Each structure stands twice: as structure tokens, then as C-alpha cells.
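Residue-level structure breakdown
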Amino acid sequence: PTAAHIVSTNSLWSWVPVSYYSFYPDLLAVQAAGIFEATGSVRFMDAVQTPFFLIFALTTWVWAGNGRPRRIPSALAVLVLAIPALYANARVFYVDVAFGAVLLAALWLLGRWITTRDSRWLPLAAILFGATASIKPSGAPVLVLASIVVLALGVARSRLRPSLWFCATAGVVAAPFYLRNLFEFQNPFYPLSVGIPGIKFEGELTVDSMYGGLGPDQPEGLAPGVALIRNLFISAFSGPD
């Protein structure tokens, strides 16, 4: 739906959504819309995450190849591309392959800057961390944490300017969807309701509701991931009744 809105309105504004998730930060939808416009077709709809397989494999190959025989990183890269779950989550309706690939590459670049102290690694790392927040809301706290680390190390190394440029660049890349939601709904995280100390952003969905359907007998206070695993086991091992 997000890609369809971008193609039909040529804008991020004034949409009549078929789903609240149309307002989800989704840089992948912009990529899909570009492909649809260029080809005049949606035949390649489920191929929009293909480039991110290459990012996954390349990052794995480079990271694992640090001082090791070539066959080890090459084997790991091939194994990454052979994971069935990647293909199951690479459809246009999902964002997790792109999110994971970009985040892995961003972490590698940040690690290179930390170990080499070469500020030339920071601009691309900033772009990729900003992209993680533009692909999925989970990337927003990751971006904040990365910015804190970069700023702290910049102060410790008495080289604050590259760190400030990192924060500014990442913020510009991450901003469009969050600004759209802030201006239209007074909530940058819309459709989610999010509470930050001193501020409450109201939305149509709660974080808990995104993990709904896990069964009425779910114990209270169970973390969503733990609850999901618990209910999968119950479904797998329970009898016909």
C-alpha cells in the first residue's frame, strides 16, 4: 500500500490509507515505487529486496575474511545466501531482510571507525544507520544508540566534528517518514502509540497489539518474543483438540 500511494500521488502527504501500516517508516516502499515507475509493471514486486542479499553476503565475506583463509568467509557468505528464512522474508510486504542487511553493514562500518580511528568510515555508516531507521521503526533506537557511541568516542578522542556530522547525516536520511507523520498526526511514530519520558505520542496501535493473536491464555508480563516462541511450541505439540 505504501508503494502504491507513492506511485499514485507522487507524494508522502495526504494519503487515504487502506491500512495504518501505510504510515510505517518504509524506505523499501520508495525503492519499490521507483522500480514500478521505471518498468511500468509490478512483475518484479517481490524482487525489490534482492540487492540486500548482496549486501548481506558482501558484509559477511569482508567481516569474516579479516586475516582468515578465503574459503572461510566465502563459505559463510554462501551459507548466508542459502538461509531459507531470508527468501521467505524478502517479499515486498516485509522489510526485515533489508533492515538486517543495512544494519549489519552499518555496524561493520562503525566497527572499522572505532578500531582504525579513520573518520572516512563515518559518512557511509551514518547513511546506513539513518536508513535502518527509515526502513523500520526499530532502527530509531539503534540510530540513537549509535549516535551516543559516536559522540562519546568523539569527545574522548577530542575530535567532535566528525561525530556531529555523523549525527546530522544520519538524521537527514532517517527524517522524511518521521517528519511526515509528525506534521500530519503530531506523532513521528504513527501509527504506534509511543511513550517517551515526559511525552506521549498517541497512535492507532500499541506495540503489544502488533504481537496479537498469540492466544487468550498468554501469561501476563511475558515478553513478546518469548510469548511467540511459547505459542509456537504449544501449536506444534498440542493435540487435535
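Residues numbered from 1 in each chain as written. Predicted model: local features only at pLDDT ≥ 70, side-chain atom pairs only at ≥ 80, totals over all residues. Heavy atoms only, no water.

**Focus: the overall build of the chain**
Summing up its helical and strand segments, the chain has ten helices and two strands in all. If you list the helices and strands of the chain from N to C, you get α-α-α-α-α-α-α-α-α-β-β-α. Residues classed as buried in the chain amount to 36% of the 241 residues present. Contacts in the chain between residues far apart in sequence, at least 24 positions, make up 56% of those at least 6 positions apart. Working note: accessible area of the chain is about 14,100 Å², and carbon and sulfur atoms make up 68% of it. (Helix = DSSP H or I, 4+ residues; strand = E, 2+ residues; numbered from the N terminus. Buried < 20%, exposed > 50% of the residue type's maximum accessible area, 1.4 Å probe, protein only. Contact = heavy atoms within 4.5 Å. Areas by Shrake-Rupley, 256 points an atom, 1.4 Å probe, with all protein chains shown as cover.)

**Observations concerning helix H4 (residues 71–81)**
Inspection of H4 places Pro73, Ala77 and Val80 among the buried residues, and these make up the whole buried set. Each buried residue of H4 sits inside an arc of 60 degrees when the element is viewed along its axis, so together they form one side. The outward face of H4, more than 90 degrees from its buried face, is lined by the exposed residues Arg71, Val78 and Leu79. Buried residues in H4 make contact with helix H3 (50–64) and helix H5 (84–88). (Arc of directions from axis to C-beta.)

**Some remarks on the pattern of salt bridges**
Considering all chains together, one arrives at three salt bridges under this definition. Note that Lys136 is salt-bridged to Asp96, the shortest N-O span being 2.5 Å. Here Lys136 is found in the loop between helix H7 (122–135) and helix H8 (139–156), whereas its partner Asp96 is found in helix H6 (residues 96–116), with 40 residues between them in sequence. Residue classification places Lys136 among the buried positions, given a relative accessible area of 17%. Here Arg120 makes a salt bridge to Asp118, at a shortest N to O gap of 2.8 Å. When its relative accessible area of 71% is taken as the criterion, Arg120 is described as exposed. (Salt bridge = Lys/Arg side-chain N within 4 Å of Asp/Glu carboxyl O.)

**Considerations on the nonpolar core**
One finds Phe52, Val97, Phe129 and Phe166 to be the most contacted residues of the largest nonpolar core, which totals 48 residues. Within the residue set of this core, elements represented by two or more residues are helix H1 (2–9), helix H2 (27–39), H3, H6, H7, H8 and helix H9 (160–185). For this core, the element with the highest residue contribution is H6, accounting for twelve residues. With residues up to four places along the chain from it excluded, the contact list for Phe166 reads Leu122, Ala125, Ala126, Phe129, Ala146, Ser147 and Val150. (Core = buried A, V, L, I, M, F, W, Y, C linked by side-chain atoms within 4.5 Å.)

**Focus on a nonpolar patch on the surface**
Taken together, the side chains of Trp13, Leu179, Leu182 and Phe183 present a nonpolar region at the surface, about 390 Å² in accessible area. Among the structural elements, Leu179 can be located in helix H9. Classification of Leu179 as partly exposed rests on a relative accessible area of 38%. (Patch = residues over 30% accessible without salt bridge, like charges linked within 9 Å, V, L, I, M, F, W, Y side chains within 5 Å.)

**Observations regarding the environment of Asn89**
With respect to the secondary-structure elements, Asn89 resides in the loop between H5 and H6. The class of Asn89 is partly exposed, set by a relative accessible area of 26%. Here the alpha-carbon distance between Asn89 and Gln49, two residues 40 residues apart in the chain, equals 9.2 Å.

**Re H8**
With 18 residues, H8 extends 26 Å from end C-alpha to end C-alpha; this agrees with the ideal 26 Å at 1.5 Å per step. Every buried residue of H8 is accounted for by Gly139, Ala140, Leu143, Ala146, Ser147, Val150 and Gly154. Projected down its long axis, H8 shows its buried positions confined to an angular sector of 125 degrees, all on one face. Facing away from the buried side of H8 by over 90 degrees, the exposed positions are Pro141, Leu145, Ile148, Val155 and Ala156. Those residues of H8 that are buried lie in contact with H6, H7 and H9. The first or second residue beyond H8 is Ser158, which carries a positive phi of 60 degrees. (Expected span 1.5 Å × (residues − 1).)

**Here we look at the packing of H7 against H9**
Viewed as axis vectors pointing N to C, H7 and H9 meet at an angle of 30 degrees, and their least axial separation amounts to 8 Å. As summarised for this structure, H7 and H9 are arranged roughly parallel, according to the angle between their axes. The hand of the H7/H9 crossing is right-handed. Listed contacts from H9 to Leu122, Pro123, Ala125, Ala126, Ile127, Phe129, Gly130, Ala131, Ala133 and Ser134 of H7 are Pro162, Ser163, Phe166, Thr169, Ala170, Val173, Ala174, Phe177 and Tyr178. (Axes fitted to C-alpha atoms, helices over the stretch in contact; angles between N-to-C directions. Parallel < 35°, antiparallel > 145°, perpendicular 65-115°, else oblique. Left-handed = near helix turned anticlockwise from the far one by under 90°.)

Remember that the coordinates give geometry; whether it matters functionally is a separate question.
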